[in-house]
Each structure stands twice: as structure tokens, then as C-alpha cells.
Amino acid sequence: MTEPTALPAPLPEPDHQHTGIAAAQAREVAQQQAMFAVAATHRRNPDELRQNLLKECANPVFADKAIYNLEFGNEPVRGPTIRFAEGAMRHIRNAGIESVMVSDTPTIGNRCGRRTWRCTFMDFENVRPWTDEFTIDKSIERRNPGDRVVFGTRQNAKGDSVFVVSCTDAELLAKENAAKSKSIRNLILRWLDPDLLADCSEAIHKTNLGEAEKNPEQARRQMIDGFDQVGVPVAELETYVGQPLTTLSPVQIVELRELWSAL
């Protein structure tokens, strides 16, 4: 009698998860290689970048939200906002921005979870990445904790006690998006030439002042409405500037609009 033929071993089930990851990684590598190739043959023109950015700064709609003005240690600090960085990125050729979550610690009991993100600005011409990492606690401050998990308490700037509590998914997303925007802004500003930033700051101030001088009453109303949207009433504004808002000069209106942009 002949021996029965052994059946072949069953083929292993395909690992769809690992296959998908490998395909995504291959696409990412191919995209980056294509961008490096384009950057090598179509290099950016610094004069063109400067020209385009100064044109943006001459646009009143752009300039209105492009500069912030705050006081730190009784010293005024002016700088480009996130909106400015976003506008600049539209004109920077051969560069890209990426945000990746690198760790995610869950909330366990009364121990607050955390997420760490890495933002990268890649200059494909110089083959140089600029990176920044930040960590976000999965918490938010509330005067009334309600039924949320309480991680602790602290005193705010007004001396009131507030609770550090667990946040919802929507609150965590808003917190992450704000931190990512700030990180990306800082990376773009680090990459831009300091002289170009100074020229843009001067051009933005000139544009905003021109608009305020052209129609001071409209600029004053828009400034007041802007502060009202963030919960600052007229009485507090007048206390801050030490005079009635009806007597503000165009320069003062512009300075307050820059403060509102920071808020």
C-alpha cells in the first residue's frame, strides 16, 4: 500500500496591520524623495520670498492679526503671531511641516495622563529638519469640578482656587491644536531670516497705522468689539489705558489691536 500524501501546511494569515504600516511608510519615503528631487532642481528665491511676504504685510486683513503686543516684566514685547507664520508658510517653497504624537500616557485613577507631540519643519533644500517637542496634560482648570476626576488644586493669578480636572476629548483636542500651532509658529520664525522678520514687522505696523489714520472711528470700534469677544469690557480697557476710549490716537488704537491679537 502507498503511503498517504501529506497535506501541505496552511498558509499563514496575512498580517494586514503590518502590511498597512509598511505601505504607509513606503508612501512617506516616496513623497519625501520626490520633494527632495524637486527642491534640488527648483530652488527657492530669497528675494521672491521677501517680496511676497511684504505684499502680504501690506494687506490690511492680514496685517490686522499678524502682530501681537504684550508686556512681560513691565517691558513691551512685540512679535509675529500664528496667523503671520501661516501666511509666511504659504510662500516658503521646498519646505514642509509635520506633527506626530510620540507618546500617549493614559489617565489612571487620579494620575493625569499626558501626550507628547513632535513638530518638524523640514527644509528640503538644505536637508535640515527643525524640531520641537511639547507635552500636554489631559487636564483642564475649572472653578467647579462637577463629576470630573480631580487631580489637584491651585491658585490662579487673581488668587482664586481652581480645580485641575480631567478634560473631555474636545477640550483635549483644542488644547493640543493650540500647542501645535504655537510650536509650528516658533519653528517657522526660527527658520525665517531675522532681517526679513524685522522688515515684515515694520511693514505690518505701517499698514495697521495707515488703516487707523484713514478711519479712526471704525478702527476704534473694531478694537473694542475684539476685546469684548474675549471678555474685556470698555470699563477695564479705559482703566488700562488711563483715559476714555473716545480720546485714543491712531497709534494707541493700533497698540491695543496688537494686544487684542495676543489675547
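How each quantity is defined
Residues numbered from 1 in each chain as written. Predicted model: local features only at pLDDT ≥ 70, side-chain atom pairs only at ≥ 80, totals over all residues. Heavy atoms only, no water. Axes fitted to C-alpha atoms, helices over the stretch in contact; angles between N-to-C directions. Helix = DSSP H or I, 4+ residues; strand = E, 2+ residues; numbered from the N terminus. Parallel < 35°, antiparallel > 145°, perpendicular 65-115°, else oblique. Left-handed = near helix turned anticlockwise from the far one by under 90°. Contact = heavy atoms within 4.5 Å. Nonpolar A, V, L, I, M, F, W, Y, C, P; charged D, E, K, R; others polar. Pairing = 2+ DSSP bridges. Phe/Tyr/Trp six-rings, centres within 6.5 Å; stacked < 30°, edge-to-face > 60°. Buried < 20%, exposed > 50% of the residue type's maximum accessible area, 1.4 Å probe, protein only. Polar contact = N/O pair within 3.5 Å; in protein donor to acceptor, adjacent residues only side chain to side chain.

Can you help me understand the packing of helix H7 (residues 216–229) against helix H9 (residues 250–262) in this one?
Each pair of packed helices can be described by the angle between their axes along with the distance between the axes. Interaxial distance between H7 and H9 falls to 10 Å at its minimum, and their mutual angle equals 25 degrees. On the basis of their axis angle, the class for H7 and H9 is roughly parallel. For the pair H7 and H9, the crossing hand works out as left-handed. Residue-level contacts link Pro216, Ala219, Arg220, Gln222, Met223, Gly226, Phe227 and Gln229 of H7 to Ile253, Leu256, Arg257, Leu259 and Trp260 of H9. The residue makeup of the contact of H7 with H9, split by class, is eight nonpolar, three polar and two charged.

Can you help me understand the sheet that holds strand S4 (residues 114–123) in this one?
Picture the strands of a sheet paired through backbone hydrogen bonds; they go either parallel or antiparallel. Taken together, three strands build an open sheet; the order of strands is S3-S4-S5 and the sheet is antiparallel. In this open sheet, the two strands that pair with only one neighbour each are strand S3 (95–105) and strand S5 (128–137). Averaged over neighbouring strand pairs, the angle between their axes works out to 20 degrees when direction is ignored. Judged from the ten bridges that link them, S4 and S5 form a sheet pairing that is antiparallel. Its bridge partner being in S5, Cys119 is matched across the sheet by Asp132. Most of the contacts of helix H5 (residues 169–191) go to S5, to which it runs at about 155 degrees, and overall it touches S3, S4 and S5.

Even after reading the chapter, I still don't get the packing of helix H6 (residues 194–214) against H9, so can you show me in this structure?
At a minimum axis separation of 9 Å, H6 and H9 run at an interaxial angle of 125 degrees. One way to sum up the angle between H6 and H9 is to call them oblique. Handedness of the crossing formed by H6 with H9: right-handed. Residues His205, Asn208, Leu209, Ala212 and Glu213 of H6 pack against Pro250, Val251, Val254 and Glu258 of H9. Classifying every residue of the contact of H6 with H9 by side-chain character gives five nonpolar, two polar and two charged.

Looking at this structure, how should I read the packing of aromatic side chains?
Any pair of aromatic rings gets described here by the distance separating the centres and the angle formed by the planes. Evaluation of the coordinates by the stated rule reveals two aromatic pairs. Centroid distance Phe62 to Phe84: 6.1 Å. Interplanar angle 45 degrees. Geometry classified as tilted. Of this pair, Phe62 sits in helix H3 (residues 60–63) while Phe84 sits in helix H4 (residues 82–89), and the two are 22 residues apart along the sequence. The exposure class assigned to Phe62 is buried, which follows from its relative accessible area of 10%.

Would you mind going over the side chain of Glu171 with me for this structure?
Within the secondary structure, Glu171 is located in helix H5. Of the polar contacts made by the side chain of Glu171, one reaches the backbone nitrogen of Thr168; its length is 2.9 Å. Ignoring sequence-local partners within four residues, the contact set of Glu171 consists of Ile140, Arg142 and Arg148.

Please clarify how the sheet that holds strand S6 (residues 139–142) should be interpreted in this entry.
The sheet built from three strands is open, its strands ordered S6-S8-S7 with antiparallel pairing. A strand with exactly one partner marks an edge of an open sheet, and here the two such strands are S6 and strand S7 (150–155). Put simply, the sheet's adjacent strands are angled 30 degrees from each other on average, direction ignored. Where S7 meets strand S8 (residues 161–166), five bridges bridge the pair, whose relative direction is antiparallel.

Treat this as a map of the structure, not an account of what it does.
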